[in-house]
Amino acid sequence: MARQIMVAGNWKMNGSRDSVKVLLDGIKAGLGNVTKSAVVVCPSYVFLADVEQMIAGTIIGLGAQNLSTESAGAFTGEISASMLKDFGCQYVIVGHSERRSLYGEDDALVAQKYAVARAAGLTPILCVGETLAEREQGITEEVVARQLDAVIELEGVAALADGVIAYEPVWAIGTGMTASPEQAQDVHAFIRSRIAEHDAAVADKVQILYGGSVKGANATELFSKPDIDGGLIGGASLDAEDFLKICSAAP
Ligand code: 13P
């Protein structure tokens, strides 16, 4: 069975109550043309309540950008999986490269976050990807395998069937330097084959999104590759018109 294309907007630490409303009004106005893709938005925590209301009755799904591994208690500044569920989240991004590089999240912690999200009935969007230095050293596959294996070792390969993977080469994030469709396809195929070594059915089912400078202008070519099942979109997801173009780019 063909995998459905998913387009998820990672709004990162952007927006205001007003700008979020304008953005969502713009996205909602154009959703009629989005017939093939699942659409998800991942606002900052503080906008979740507003966004939950604004997307009610639409096809838009809601995700958060991070979560705590703890369920409750004295963890100042943290947000639990059950809180995200309470605010209508179906998805949560785990292991984004900005969390890994700026906030010291390592593979083991990311795997734990994956597990906690899954246990709460959230769909984790697991980000993996190499830095420019790692690509230049020729260790892209090694890095991505290590990031994936941390989840497989903790949770078992079947757990990947409950999540979404996002391949985001760090050098392509926010730089305008998109991986070429061939470069992205190569890594996506590697990820799928790595999973298939454990379980072919899981490998066939899991959606693998590409992230890193996806725009309306390059989405169609990326999404037409056999192992690219959509995108995790940063900058372009803050522009309703460009985001909608990406959402309509499913082949
Ligand atoms: P850009 O689309 O801005 O490159 O960001 C990608 C990303 O990090 C999505 O999570």
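Computed from a prediction, not measured in an experiment: that's the story for all the values here. (Residues numbered from 1 in each chain as written. Predicted model: local features only at pLDDT ≥ 70, side-chain atom pairs only at ≥ 80, totals over all residues. Heavy atoms only, no water.)

(A) Summary view of the site of the ligand. The environment of the ligand is formed by Asn 10, Lys 12, His 96, Glu 168, Ala 172, Ile 173, Gly 174, Gly 212, Ser 213, Leu 232, Gly 234 and Gly 235. Note that an oxygen atom of the ligand is positioned 2.6 Å from one of the backbone N or O atoms of Gly 174. Taking Ser 213, its main chain carries an N or O atom lying 2.7 Å from an oxygen atom of the ligand. Starting from 310 Å² of accessible surface for the ligand in isolation, the protein chains cover 96%. (Near = heavy atom within 4 Å. Polar contact = N/O pair within 3.5 Å; in protein donor to acceptor, adjacent residues only side chain to side chain. Areas by Shrake-Rupley, 256 points an atom, 1.4 Å probe, with all protein chains shown as cover.)

(B) Inspection of the environment of Ala 250 at higher detail. Mapped onto the elements of the fold, Ala 250 is located in the segment after helix H11 (240-247). By relative accessible area, Ala 250 is classed as buried at 12%. Put simply, Ala 250 and Gly 15 are 235 residues apart on the chain and 27 Å apart in space, counted from C-alpha to C-alpha. Non-local contacts of Ala 250, meaning those with residues more than four positions away in its chain, are made with Ile 5, Lys 36, Ser 37 and Phe 223. (Helix = DSSP H or I, 4+ residues; strand = E, 2+ residues; numbered from the N terminus. Buried < 20%, exposed > 50% of the residue type's maximum accessible area, 1.4 Å probe, protein only. Contact = heavy atoms within 4.5 Å.)

(C) Geometry of helix H7 (residues 140-155). Under the 1.5 Å per step criterion, the end-to-end length of H7 is 23 Å for 16 residues, consistent within 8% with the ideal 22 Å. By the burial criterion, the buried members of H7 are Thr 140, Val 143, Val 144, Ala 145, Gln 147, Leu 148, Asp 149, Ala 150, Val 151 and Ile 152. In this structure, the buried side of H7 is in contact with helix H4 (97-102), helix H5 (107-119), strand E5 (123-128), helix H6 (132-136), strand E6 (164-167) and helix H8 (181-196). (Expected span 1.5 Å × (residues − 1).)

(D) Layout of the side chain of Glu 168. As for its position among the elements, Glu 168 is in the loop between E6 and H8. Buried Glu 168, no salt bridge; nearest opposite-charge side chain is Lys 12, N-O distance 6.0 Å. Polar side-chain contacts of Glu 168 include one of 3.0 Å to the side chain of His 96. With sequence-adjacent residues up to four places away left out, Glu 168 is seen in contact with His 96, Cys 127, Val 128, Gly 129, Glu 130, Ile 173, Gly 211, Gly 212 and Leu 232. (Lys, Arg positive; Asp, Glu negative; His and termini not counted. Salt bridge = Lys/Arg side-chain N within 4 Å of Asp/Glu carboxyl O.)

(E) Geometry of the pairing of strand E4 (residues 91-94). In E4, alternate side chains face the same way, and those of Tyr 91 and Ile 93 on one face and Val 92 and Val 94 on the other are all buried. Sheet topology places strand E3 (residues 60-64) next to E4; two bridges connect them, and they run parallel. Bridging from a neighbouring strand, Gly 63 pairs with Tyr 91 of E4. Remark: the E3/helix H3 (residues 81-86)/E4 crossover connection has right-handed handedness. The pairing of E4 with E5 spans four bridges and is parallel. Looking at the pairing, Ile 93 lines up with Ile 125 of E5. (Pairing = 2+ DSSP bridges. Right-handed = clockwise from strand over helix to strand, strands pointing away.)

(F) Just the pattern of salt bridges, in detail. Taken as a whole and assessed by the stated rule, the structure comprises 17 salt bridges. Residue Asp 204 pairs with Arg 3 through a salt bridge whose shortest N-O separation is 3.7 Å. One end of the pair, Asp 204, is in helix H9 (residues 200-205); the other, Arg 3, is in the segment before strand E1 (6-10), with 201 residues separating them in the sequence. Salt-bridge contacts for Arg 3 lead to Asp 229; the nearest nitrogen and oxygen are separated by 3.0 Å. With a gap of 226 residues between them, Arg 3 in the segment before E1 and Asp 229 in the loop between helix H10 (219-223) and strand E8 (230-233) connect regions that are remote in the sequence. One connected set of salt bridges, linked through shared partners, spans Arg 3, Arg 192, Asp 204, Asp 227 and Asp 229.

(G) Layout of the sheet that holds strand E7 (residues 207-211). Taken together, eight strands build a closed barrel; the order of strands is E1-E2-E3-E4-E5-E6-E7-E8 and the barrel is parallel. Here the average twist between neighbouring strands, direction ignored, is 25 degrees. Lying over the sheet, H7 contacts E5 and E6, oriented at roughly 155 degrees with respect to E5. (Axes fitted to C-alpha atoms, helices over the stretch in contact; angles between N-to-C directions.)

(H) Structural detail: the pairing of E8. Across the two faces of E8 the burial is the same, with Gly 230 and Leu 232 and Gly 231 and Ile 233 all buried. In this sheet, E8 lies alongside E1 in parallel orientation, the contact comprising four bridges. Bridge assignment links Val 7 to a residue of E8, and that residue is Gly 231. Across two bridges, the pairing between E7 and E8 is parallel. Within E8, the position partnered with Gly 211 by the bridge is Leu 232.

(I) Inspection of the packing of aromatic side chains at higher detail. Under the defined criterion, the tally for this structure stands at one aromatic pair. Residues Tyr 167 and Tyr 210 carry aromatic rings whose centres are separated by 6.3 Å and whose planes lie at 55 degrees to one another, so their mutual orientation is tilted. One end of the pair, Tyr 167, is in strand E6; the other, Tyr 210, is in strand E7, with 43 residues separating them in the sequence. Just as Tyr 167 is buried, Tyr 210 falls in that class too. (Phe/Tyr/Trp six-rings, centres within 6.5 Å; stacked < 30°, edge-to-face > 60°.)

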